[in-house]
Amino acid sequence: MRSAPSLRGSAAPRGAFLCSVAVLGGTLVFGGQAPAFAQTGDIEALQRQLQQMQQQMDAMRAQLRDLQAQQAQQARETGPVRRPPAPARSRVEPAAPRIAVPPQGSATPAAAAAAPTRPPPTSPAASTVPPGRLADSIAIPGTDGRVRVRLSGFVKVNAQYDFDGRYNSDSVTTPSIPLANASTANQDGNLQVSARRSRIRFESEVETGWTGDWRFSNQVVEFDFAGSDASTSDVGTSNSYEPRLRLAYVTLGPVMIGQNDSLYLFPPEAQAERLDDGTFLGTSNVRQVGLRYTANLAAGLTGAVALESPYSDVTSTATTNISNDNGQGSFVGSNNVPDLLAALDYRQAWGGLAARGVARQIKVDNQAASVASQRFTEEVFGWGAGLGGWVEMGRMIGALEGDRLFAVANYGRGIGRYLDGTANGYGATTSFGLPGTAPQDSVLDAVGVTSGMVGYRRAWSSTVRSNIVASLARYDYASYVRGFAGTAGNTNRQATEFSVNLIWSPLPWIDAGIEYIYANRDVLNPAVVGAYGGTVSRIQASFIGRF
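Counting from 1, residues in each chain are numbered in the order their sequence is written. Reporting in this predicted model follows two pLDDT cut-offs: at least 70 for local features of residues, and 80 or more for side-chain atom pairs to be given and counted; totals over whole chains, interfaces and linings ignore these cut-offs and use all residues. With hydrogens and water excluded, all non-hydrogen atoms of the structure serve as input to the side-chain values.

Caption draft 1: Representation of the packing of aromatic side chains. Note on aromatic pairs: the rings of Phe, Tyr and Trp (six-membered ring only in Trp) are paired at centre separations within 6.5 Å, and the planes decide the class, stacked below 30 degrees, edge-to-face beyond 60, tilted for the rest. The tally for this structure, following the rule as stated, stands at ten aromatic pairs. Here the aromatic rings of F223 and F225 are separated by 5.9 Å at their centres, their planes lie at 80°, and the arrangement is edge-to-face. Geometrically, the ring pair formed by F376 and F432 is stacked, given 5.5 Å between the ring centres and 15° between the ring planes. You can see F376 sitting in the loop between β14 (351-365) and β15 (377-392) and its partner F432 sitting in the loop between β17 (428-430) and β18 (444-446), a full 56 residues away along the chain. Comparing F376 with F432 shows no difference in burial state: the two are buried. Helix and strand definitions follow DSSP, with helices as H or I runs of at least four residues and strands as E runs of at least two, each counted in order from the N terminus. Relative accessible area decides the class of each residue, using a 1.4 Å probe on protein chains only: under 20% of the type maximum gives buried, over 50% gives exposed, and in between gives partly exposed.

Caption draft 2: Examining the pattern of salt bridges more closely. The term salt bridge refers to a side-chain nitrogen of Lys or Arg lying within 4 Å of a carboxyl oxygen of Asp or Glu. If you walk through the whole model with that rule in mind, you get 27 salt bridges. Salt-bridge contacts for D162 lead to R538; the nearest nitrogen and oxygen are separated by 2.7 Å. Placement of the pair is D162 in strand β2 (residues 147-162) and R538 in strand β23 (residues 533-546), with a sequence separation of 376 residues. By relative accessible area, which is 3% here, D162 ends up buried. The class of R538 is buried, set by a relative accessible area of 0%. With its nearest N and O atoms 3.7 Å apart, the salt bridge here joins D224 to R246. Within this pair, whereas D224 is found in strand β5 (residues 216-224), its partner R246 is found in strand β6 (residues 244-252), the two being separated by 22 residues in sequence. The burial state of D224 is the same as that of R246; both residues are buried. Connected through salt bridges with shared partners, the residues R150, R199, R201, E203, E222, D224, R244 and R246 form a single ionic network.

Caption draft 3: Region of interest: the pairing of β5. Where strand β4 (residues 199-207) lies against β5, nine bridges are found, and the strand directions are antiparallel. When the sheet's bridge partners are listed, E203 is paired in β5 with V220. A strand pair is defined by DSSP finding two or more bridges across the two strands. Across eight bridges, β5 lies against β6 in antiparallel orientation. Across the sheet, N218 pairs through a bridge with T251, a residue of β6.

Caption draft 4: A look at unusual backbone geometry. Even without glycine at this site, D136 takes up a positive phi of about 60°. With respect to the element layout, D136 can be found in the loop between α4 (124-127) and β1 (138-139). Backbone geometry places N239, a non-glycine residue, at a positive phi of 50°. Within the fold, N239 resides in the loop between α5 (232-235) and β6. Judged by its relative accessible area of 33%, N239 is partly exposed.

Caption draft 5: Geometry of the nonpolar core. The criterion is simple. A nonpolar core is a set of buried Ala, Val, Leu, Ile, Met, Phe, Trp, Tyr and Cys residues joined through side-chain atoms within 4.5 Å. Counting residues in each nonpolar core, the largest one holds 34 residues, and the members touching the most others are Y264, I415, V449, Y475 and Y477. Within the residue set of this core, elements represented by two or more residues are β9 (301-308), β13 (339-348), β14, β16 (404-413), β19 (448-459) and β20 (464-476). When residues of this core are assigned to their parent elements, the largest contribution, three residues, is made by β20. Here a residue-residue contact requires only that any non-hydrogen atoms of the pair lie within 4.5 Å. Once residues within four sequence positions are removed from consideration, I415 is found in contact with Y264, V358, R360, W383, G384 and V449. Within the second largest apolar cluster, nine residues are counted, among which are I362, V380, A428 and F432.

In structure tokens:
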């Protein structure tokens, strides 16, 4: 906790401050003209003297602020060098609410890096932030310090090279990598470079005037430039990538409303710091609108519940149908209720545990079909659960200070898109459209998914670290899925992913690193697609500069 401001500092500011006190005291004691003026009716002279006194008080306050700023600067210059915080998730973290669990608002690369320290503040306003307020923020003039704002983000440059084939994406999504018989698999590698994953974040914090957990309200808007890909000609000239909204939410104490990372997202300590911007296999990185409440349950234990935007992802033999999608004519995904999520986080000095759960409605609706016999509506209950944990190795072995072992496991039927880099589009499957199946006889079945991820973070020094992580996912379908034709190339039996990296932070707000990624998927029906699956082997170099 920051101590109360002290008047000890350099001789010059202290002397000036004391002189001002003496001048004001002399005015109050010896300048007793006010009674005489009042008796003679010279009200204007009295007002002038009061104005002079007010100006002297303002000057004293300014001198005190300057003295505090000098002391803060001296503390930064002479204080011990701090080791950069252990990286967790690759993103700029949102302002922590006044309860133990911070709002999970995404990160540098979506799959990854922690939110390393921003550059030290250079303005007195930012270096004298009151304890408990938004770090590195500045007060809005005229608000008496009740409203503070902060601009942050990072510039990220990625360079990726694919071996033995070409993967036309700047992030790896294992379930959709090209099949071994795809035309791109015959190409001799590919190099791509861009800065489209750079990010900008706006935050504000308002003091509500209430007490306890309800004392503050935060507002966050964040976007990057990973929207629709630029055209081929544009990449050759200006690389004008489209902005993409990532986060837009408001917190009022323990309540959050708006677009944020889903509550199913595991804490950053249970995830790897990666340079690739894709969601690692077996993990979640969904962002959507929700209403969330978080509370402290016990020492080190917090819980949260949320209602989040529904989105039915259903695959048939012809296509993957989702909410508000034209899909197969009038055949679309539909929803009537929001998804329900819950989370528990337990943190201790040795590490922590985290649990996640989701319950959702998955529904398809073909009632708009012009032919009555083609009309079909069905829904199924989807659910998923996950357990994650991490161990701070330095708590057990001193030589491993800064190292972390972490793991996450998930299982569910209908968990689908909540493992967006694993089973997006496969919350459920339907027999609708299969040869010999009448629409009125069609069924809808939730897809079972089992996934596991384990990783280790090695801190070679205070500025150099590595992350090694591997994962596996398996899928369980209804028997009729083996008859799928048009979507057989995306219907996987199993998927694996592995990555290892080396990251150097020469300054707390600078990261430079290199990462190798290997991913593989096996399709359910290789005889239909003519290939067992597909493989990606990629090396990526990244530079990240935060502000």
